[in-house]
Amino acid sequence: MIAADRVSTGLPGLDRVVDGLRIGDNVVLQVDRIDDYRHFVKPFVTRAAAENRKVVYLRFGLHPAVVEKGEGIKIYHLNPNSGFEAFSGEVHTIASMEGEGVFYVFDCLSDLLSAWATDLMIGNFFKVICPYLYEQNTIAYFAVLRNSNSYHTIASIRETTQLLLDVYHHENKYYIHPLKVWNRYSPTMFLPHVICGEEFAPVTSSADIARLFSKLNLFKLGDASRRLDHWDRILIKAQELMDRLDQGDQDAVSGQRKMIDQLCRMMISRDERILFLARNYFSLRDLLEIKNRLVGSGFIGGKSVGMLLARSILKKDEKTDWERRLEHHDSFYVGSDVYYTYLVDNGCWKMRLEQKKKENYFTTARELKQKILGGAFPNTIRDQFEQILEYFGQSPIVVRSSSLLEDAFGNAFAGKYLSIFCVNQGSPRERCHAFEKAVQEVFASAMGEEALTYRLKRGLDRRDEQMALLVQRVSGSTRSKYFFPDLSGVALSHNAYVWNDDLDPDAGMMRLVAGLGTRAVNRVEDDYPRLVALDKPLLRPDMRFEDMCRFSQHKVDVLDTSLNKNATVNLNDLYNPETENIQGWDLLAVRDHEADRKMKELGYQAPAACVLTFDKLMAATDFPQVIRRMLKKLEAAYNYPVDIEFTANFSPGGGFEINLLQCRPLQKFGKPVKHSAAMDYTPDNVLLANKDSFMGSETLQAINTIVYIIGEEYSKMPLTGKYEIARLVGRINKLFSDRENEPLMLIGPGRWGTSTPSLGVPVSFAEINNTAVLVEVASQKEGFMPELSYGTHFFQDLVETSIFYIALFPGSEDTEFNPSLFNRFSNILPGILPEYSRLQHVVKIFRPAELNKKLWLQANLKPRRLTSFFSGSEEVS
């Protein structure tokens, strides 16, 4: 009989060996065959059922089931291919739902290698699940196959579990050898025991033990393969296969495609569309080169995959010498397993699971973010970080997010996660500290509110989202104390902003800036990049020189190597043609002689003024044609529109090299609601109209609610008041979240989402993401100026959430705006948000249904014209 506080294994002899089981025990059996595991599981389950214990079997292995269906046995079928986070989270959820005192049987942990490819993550899984089961007062059985997992993984399991038992089956006899039995001891407990009937007899003779173990040949201290992760063993086989191919071994050819597929599933993606591209464009050598530059294990993430795929696609283009056109890259990658291991090792995993719960989604994320920022890396990872920094020396680098879901078909995550520039100056210790901090900040950005809102809005909040990293050398060169590329940009293979009827949307477009590309991908304050239609690169929306001067780039983002930080400098302070000869500068800028004259008349000794037009680059080089060719080649391979990020640097001979930094499927505006539909309206009912200055599909849709922020009143608000207006907009956005049935139009002064309240309303995108139509209204008097920021992260947000965008320039040709029509309706703000009644002179909320009307938005793409008008009619023609 076992003591009252003990639980039986179902085998009385085993109970006597280990002094019974304790509630909370995790029992791991190391076996040679699944049948050996089943031999010990069956009596455990039978005894539990006889005692009316609840038994839960977690079925996920490739092997035959180890528990049969029966009364009192609950079976859960799990899919480890869903990823470590989803799988671990599901086990945690099951344990929480089943409650305390449950007896668990898990399939063999070694089978998880087929899904995760790495022992490391099996160890991580056990380290996060075993303690939780212990807290739940359960007993759980696990198995690992002998010699299938690395020594490190077995060590992690031994450290975490309460019981670790070696099981041998030799000459029709079972032997069991306890390796760890927590909080229990007897003089013979840790000897091998042979099973004779119901008895477990210890093998006490040294000669017998030595004879047994020598026959079994179990332990090989010098087994180098088991000092490696399963991941490493596969990659060693891949390298051996590559060596055989290089030597002309024809027998190796047949295994090449299988190995490419296996490596793609280990490092590239789970998405079948991306895998299709990877199998077609990555060679075995390409994949091994990725491995050689990878820190840790796991996936390299969407951003890294997109960049590498694009380069491989172009290399296979026989019609263009892309080797001559493209700047070489020497990037490194931090594998996605590093992220999860970091969370586990720094005690973040339990909080991560809590954050997944709906009620904790945002609140716990803030606490988790701080915990991530305060963590530490293991020495093995830090050593590899130091090797990367030794390689780059003092060249500036950028640490970029490259999560599993990022840059995928349908989900760009544009601007949702961080990219951190490391100017990389100082001592090795200082540079390493800055790099680790950058990695932590990118990891922590996974818990940022914008990223969480994005995932929640797109139904991705339950998906496996590991954060891998892309570490790139910053493209460019040093001028004086500043480091920057000659130009940067984004380019899209489809142009949704065709401001002229002669433009072809399928020709694509570019958004160009001098210096770092941060000004190309972000909406910046009081500054404008150059928009280029690739079929007519010299055609501009602004034709007068004074317009080109005003709507151009005035500041340049750079890296300041003397201060070791990012910097923004005035264009004319950086590019001074009188004092510095900058290669290719004449292709980007022209002298502003009028500005020079005015400064001299005023007696100022200012640097020579210039204007960034990029006109000579468009006219005198084949740069736009090369970008267009690149986009079309990538679009054809993806069978989908694409957008890219790039830099370019000029060479002394007048040529240029393009550094292709990123490529992803282009998110496009949805299909028109009612294509070619039309409604009649009277001119006195037109609220707004314009030509060309909008982005969205051809549409006819009704608007139920209008929010109007009066620019003149908003400009009078103090700074705190402007931020309060932004928070109010966020509250309204939540109230009218049903865009399908309650579409909302948001009209405001200047730029939505600006960080400078004097230029617009400083909302986050999460505070306007339920809007159906977003309108930015210019005002010369108050200094509000919209920007058609096509190609930016802001644009990607609009597209992915299908928000129709309108820029209004009242007073200009082809533009109408008649806010006096709102006088017909009452402001319902005090009624729905009485705590904000004091702001009703600034913020107006109107419901046209008050007068049995709707506000209609009618947009046509040929010609590009939109009109928004009030009407009580529902009829279309």
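Structure shown above.
Residues numbered from 1 in each chain as written. Predicted model: local features only at pLDDT ≥ 70, side-chain atom pairs only at ≥ 80, totals over all residues. Heavy atoms only, no water.

**Topic: the pattern of salt bridges**
Consideration 1: Under the definition given, this model contains 46 salt bridges.
Consideration 2: Among the ionic pairs, R53 bridges to E51, the shortest N-O distance being 3.4 Å.
Consideration 3: Owing to a relative accessible area of 32%, E51 belongs among the partly exposed residues under this scheme.
Consideration 4: With a shortest N-O distance of 2.6 Å, E436 and R382 are connected by a salt bridge. Here E436 is found in helix α18 (residues 428-444), whereas its partner R382 is found in helix α17 (residues 379-392), with 54 residues between them in sequence.
Consideration 5: Overall, the relative accessible area of 34% leaves R382 in the partly exposed class.
Consideration 6: One salt-bridge network, in which partners are shared between bridges, spans D261, R265, E272 and R279. (Salt bridge = Lys/Arg side-chain N within 4 Å of Asp/Glu carboxyl O. Buried < 20%, exposed > 50% of the residue type's maximum accessible area, 1.4 Å probe, protein only. Helix = DSSP H or I, 4+ residues; strand = E, 2+ residues; numbered from the N terminus.)

**Topic: unusual backbone geometry**
Consideration 1: Of note, the phi angle at S480 is positive, near 60°, even though the residue is not glycine.
Consideration 2: Position of S480 among the secondary structure elements: in the loop between β15 (477-479) and β16 (482-484).
Consideration 3: On the basis of relative accessible area, S480 is assigned to the exposed category, the value being 67%.
Consideration 4: Of note in the backbone geometry, N852 takes a positive phi value of approximately 55° without being a glycine.
Consideration 5: With respect to the helices and strands, the residue N852 is situated in the loop between β34 (843-846) and β35 (854-861).

**Remarks on the sheet that holds strand β18 (residues 509-514)**
Consideration 1: As summarised here, the arrangement of the five strands in space is β19-β18-β17-β24-β25, forming an open sheet in which the pairing is antiparallel. Across the chains shown, the open sheet's two edge strands, defined by having one partner strand only, are β19 (530-533) and β25 (656-665). On average, each strand axis in the sheet is tilted by 20° relative to the strand beside it, whichever way the strands run.
Consideration 2: Bridge count between strand β17 (residues 487-492) and strand β24 (residues 642-650): six bridges; the pairing is antiparallel. Residue pairing for β24: L487 is matched across the bridge by A648. (Pairing = 2+ DSSP bridges. Axes fitted to C-alpha atoms, helices over the stretch in contact; angles between N-to-C directions.)

**Considerations on the nonpolar core**
Consideration 1: Formed by 82 residues in total, the largest nonpolar core has its most connected members in I268 and F623.
Consideration 2: Among the elements that take part in this core, helix α26 (residues 623-638) stands out by supplying eight residues, more than any other.
Consideration 3: Discounting chain neighbours no more than four positions away, the residues touching F623 are L487, M510, L512, L617, M618, F646, A648, F656 and I658.
Consideration 4: One finds F125, V144, L368 and L460 within the second-largest nonpolar core, a separate group that totals 79 residues. (Core = buried A, V, L, I, M, F, W, Y, C linked by side-chain atoms within 4.5 Å. Contact = heavy atoms within 4.5 Å.)

**Structural notes on the side chain of Q30**
Consideration 1: Of note, Q30 is situated in strand β1 (residues 26-31).
Consideration 2: One polar contact links Q30 to D166, side chain to side chain, over a distance of 2.6 Å. (Polar contact = N/O pair within 3.5 Å; in protein donor to acceptor, adjacent residues only side chain to side chain.)

**Notes on the sheet that holds strand β30 (residues 744-749)**
Consideration 1: Pairing is mixed in the open sheet, where six strands are placed in the order β27-β32-β31-β30-β29-β34. The sheet is open, and its two borders are formed by β27 (694-695) and β34, each paired with just one other strand.
Consideration 2: Sheet strands touched by helix α28 (residues 719-735): β29 (705-709), β30 and β34. Its angle to β34, the strand with the most contacts, is close to 15°.

**Some details on the environment of F650**
Consideration 1: Secondary-structure assignment places F650 in strand β24.
Consideration 2: Judged by its relative accessible area of 10%, F650 falls in the buried class.
Consideration 3: For F650 and W585, which are 65 residues apart along the polypeptide, the C-alpha to C-alpha distance reads 9.0 Å.

**Description of the environment of S304**
Consideration 1: Here S304 shows up in helix α12 (residues 302-315).
Consideration 2: For S304, a relative accessible area of 0% corresponds to the buried category.
Consideration 3: Separated by 27 residues in sequence, S304 and S331 have C-alpha atoms that sit 9.0 Å apart.

**Topic: helix α3 (residues 84-98)**
Consideration 1: With 15 residues, α3 extends 21 Å from end C-alpha to end C-alpha; this agrees with the ideal 21 Å at 1.5 Å per step.
Consideration 2: For α3, every residue scored as buried is listed here: F84, E85, F87, S88, G89, V91, H92, I94, A95 and E98.
Consideration 3: At the exit of α3 stands G99, carrying a positive phi of roughly 85°. (Expected span 1.5 Å × (residues − 1).)

**Structural notes on the environment of S837**
Consideration 1: Mapped onto the elements of the fold, S837 is located in the loop between α30 (829-832) and β34.
Consideration 2: By relative accessible area, S837 is classed as partly exposed at 22%.
Consideration 3: Separated by 208 residues in sequence, S837 and R629 have C-alpha atoms that sit 56 Å apart.

**Overview of the packing of aromatic side chains**
Consideration 1: Overall, the coordinates contain 39 aromatic pairs when judged by the stated rule.
Consideration 2: Ring geometry for F84 against W349: centres 5.2 Å apart, planes inclined by 55°, an arrangement best described as tilted. Of the two residues, F84 sits in helix α3 while W349 sits in helix α15 (residues 349-355), which places them 265 residues apart along the sequence. Across the pair, W349 and F84 agree in class, each one buried.
Consideration 3: Its guanidinium or amino end placed over the ring of Y391, R293 lies 5.1 Å from that ring's centre, counting from NZ or CZ.
Consideration 4: In this structure, K722 is placed above the aromatic ring of Y714, and the distance from its NZ or CZ to the ring centre is 5.4 Å. (Phe/Tyr/Trp six-rings, centres within 6.5 Å; stacked < 30°, edge-to-face > 60°. Lys NZ or Arg CZ within 6 Å of the ring centre and 35° of its normal.)

**Some points on the packing of helix α8 (residues 230-246) against helix α11 (residues 284-292)**
Consideration 1: Contact geometry of α8 with α11 gives a least axis separation of 10 Å together with a crossing angle of 140°. For the element pair α8 / α11, the angle class is oblique. Classified by chirality, the crossing of α11 by α8 is left-handed. Taken together, the residues of α11 that come into contact with α8 (itself represented by L235, A238, Q239, L241, M242, L245 and D246) are L284, R285, L288 and K291.
Consideration 2: Of the residues contributing to the contact of α8 with α11, the split by class is seven nonpolar, one polar and three charged. (Parallel < 35°, antiparallel > 145°, perpendicular 65-115°, else oblique. Left-handed = near helix turned anticlockwise from the far one by under 90°. Nonpolar A, V, L, I, M, F, W, Y, C, P; charged D, E, K, R; others polar.)

**A look at the state of the cysteines**
Consideration 1: As enumerated under the stated definition, the model contains zero disulfides in all.
Consideration 2: Looking at the unpaired C422, the closest cysteine sulfur is the one in C432, lying at 10 Å.
Consideration 3: Between C663, a free cysteine, and C264, which holds the nearest cysteine sulfur, the sulfur-to-sulfur gap is 17 Å.
Consideration 4: When its relative accessible area of 1% is taken as the criterion, C663 is described as buried. (Disulfide = S-S within 2.5 Å.)

**Things to note about empty space enclosed by the protein**
Consideration 1: By the definition in use, this model includes one cavity of 30 Å³ or more.
Consideration 2: Its volume calculated, the largest cavity comes out at about 90 Å³.
Consideration 3: Residue lining of the largest cavity: K416, E450, T453, Y454, K457, R458, F765, A766, N769, D797, E800 and T801, and that is the complete set.
Consideration 4: Counting only elements with at least two residues in the lining of the largest cavity, the list comes to α19 (449-457) and α29 (793-800).
Consideration 5: When residues in the lining of the largest cavity are grouped by element, the largest group, four residues, is from α19.
Consideration 6: For the lining of the largest cavity, the residue count by class is three nonpolar, three polar and six charged. (1 Å grid on protein atoms, 1.4 Å probe; cavity = no way out; pocket = protein on both sides within 12 Å on 5 of 7 lines; lining within 4 Å. Points joined across faces, edges and corners; volume = space filled by probe spheres on them.)

**Some points on the pairing of strand β6 (residues 163-170)**
Consideration 1: Summarising burial for β6: seven of the eight residues are buried, a large majority.
Consideration 2: Across four bridges, the pairing between β1 and β6 is parallel. Note that in β6 the partner of V27 across the bridge is L163.
Consideration 3: Strand direction decides the pairing type here: β6 and strand β7 (residues 173-181), joined by eight bridges, are antiparallel. Among the inter-strand pairings, H169 is bridged to a residue of β7, identified as Y174.

**Remarks on helix α16 (residues 363-373)**
Consideration 1: Inspection of α16 places T364, A365, L368 and I372 among the buried residues, and these make up the whole buried set. Across the axial projection of α16, the buried residues extend over an arc of 95°, all falling on one side.
Consideration 2: Looking at the buried side of α16, the elements it contacts are α14 (336-345), α15, α18 and α19. (Arc of directions from axis to C-beta.)

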